[in-house]
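Fold and geometry: a report
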Amino acid sequence: MTAFNSYDDDGRVTMVLMHLQHACEMLLKAVLVQHKTKVFDKGTGRSIGFEKCLGLCQANHQLSADEAGIMRAIDALRDAAQHWFVFVSEDLLYLQTRALITAFDAYLKRLLDDALVNHIPPRVLPISTMPPGDFEFLVDKEFVLVEELLKPGRRARDEARARIRTLLAMEAIVTDEVEISERDIDRIEKAMRGGAEFNAVFPRLATIGTTTDGDGVNLIVHFSKKQGAPVQYVGGDDPAAAAAVREVDLRKKFHLQAKPLAEKIGLTLPKAKVLRDHLGVDADPSCSHVFEFGSQKIRCFSDNAIQRMKQALEEVDMTALWANRNNPQAAPAEQT
């Protein structure tokens, strides 16, 4: 509260995010300790990290998906602010801070039979000169502002990218697969310069809604995933989809290179290549994707490729297919 209500803007946002994230981690660890769950790793002797705590509490100790979402979003924002920089508008900072306090207080009461108000000095008066607006309105306003900052002649690209980084971090409210890379920001910047609309660039943010109750010091804010959102959700693992598809999502889907793929299906690397060519696996966007690292290009494969190739081995005569490898038009005999 001291940092949030500070009259000095220098470093204020980073300090608020660091304190909020640390408070969440300590609450999660307190719950784990009270329920006899070990919070120190035997191998390293160090305490487990935030993401591990979040997963354990969500799996075993009644932490709801909505509560985990806002905590994860604050952690993503803190990480971006601490290791690079973000630009969080005042109204979005207020809205997310109130949502985090709502989730923190509810979880504290439910699991530890305590209340946040018991730890706030009676002299403190939370103040905000900017009451929060609707989340959809705020992120749409932020998107329009980034478009303005990216216009030729503005020379405000650094601020625009910092705001994009903030919008990406907020996707953690509805997904646990948020890792923000400069490639993600490059991709989104290019899409926005090309005139892409908000729903296409940030399909996950388009699924987030807020509900608010009360006002002033009694304001309660909940983030949640909207039901029946009027947009088509674009999966983060679809390489042909929106401009904002995350590279981390693609790497999780296409996680096998050629040799491990061959080992999975029980073939040598050359024979696996022949079977891939026969099935057209490399040309199937659900099975194969090429990652580019500078001048290097690496083709990787998904679990879909494993399934297709294993199923084909039950129907295709691999001996005949291998014998005809230099004659692509020769049809392999089917096993009986």
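Before going further, it helps to examine the nonpolar core. Among the nonpolar cores identified, the biggest contains 65 residues, and L28, M71 and F202 are the most heavily contacted of them. Secondary structure elements with two or more residues in this core: helix 1 (12-34), helix 2 (50-60), helix 3 (65-83), helix 4 (90-112), helix 5 (135-149), helix 6 (157-170), helix 7 (182-193) and helix 8 (198-201). The element best represented in this core is helix 4, accounting for eleven residues. Each residue touching L28, except ones within four places of it in the same chain, is listed here: F50, C53, L54, C57, L63, M71 and Y107. Core analysis: the next-biggest nonpolar cluster, separate from the first, contains 18 residues, L256, A262, L267 and L321 among them.

Right, let's talk about the packing of aromatic side chains for a bit. Applying the stated rule across the entire model yields five aromatic pairs. For the pair F198 and F202, a centre-to-centre distance of 6.0 Å together with 35 degrees between the ring planes defines the contact as tilted. The pair F198 / F202 is uniform in exposure class, with both members buried. One aromatic cluster is present, formed by F143, F198 and F202 through successive ring pairs. Above the plane of the ring of F4 lies R12, whose end atom (NZ or CZ) is 4.9 Å from the centre. The lysine or arginine in question, R165, covers the ring of F85, its NZ or CZ lying 5.5 Å from the ring centre.

So, about helix 4. If you check helix 4, its first and last C-alpha atoms are 32 Å apart, about what 23 residues at 1.5 Å a residue would give, namely 33 Å. Within helix 4, 17 of the 23 residues are buried, which leaves the element mostly enclosed by the surrounding structure. The first or second residue beyond helix 4 is D113, which carries a positive phi of 55 degrees.

Conventions and cut-offs
Residues numbered from 1 in each chain as written. Predicted model: local features only at pLDDT ≥ 70, side-chain atom pairs only at ≥ 80, totals over all residues. Heavy atoms only, no water. Core = buried A, V, L, I, M, F, W, Y, C linked by side-chain atoms within 4.5 Å. Buried < 20%, exposed > 50% of the residue type's maximum accessible area, 1.4 Å probe, protein only. Helix = DSSP H or I, 4+ residues; strand = E, 2+ residues; numbered from the N terminus. Contact = heavy atoms within 4.5 Å. Phe/Tyr/Trp six-rings, centres within 6.5 Å; stacked < 30°, edge-to-face > 60°. Lys NZ or Arg CZ within 6 Å of the ring centre and 35° of its normal. Expected span 1.5 Å × (residues − 1).

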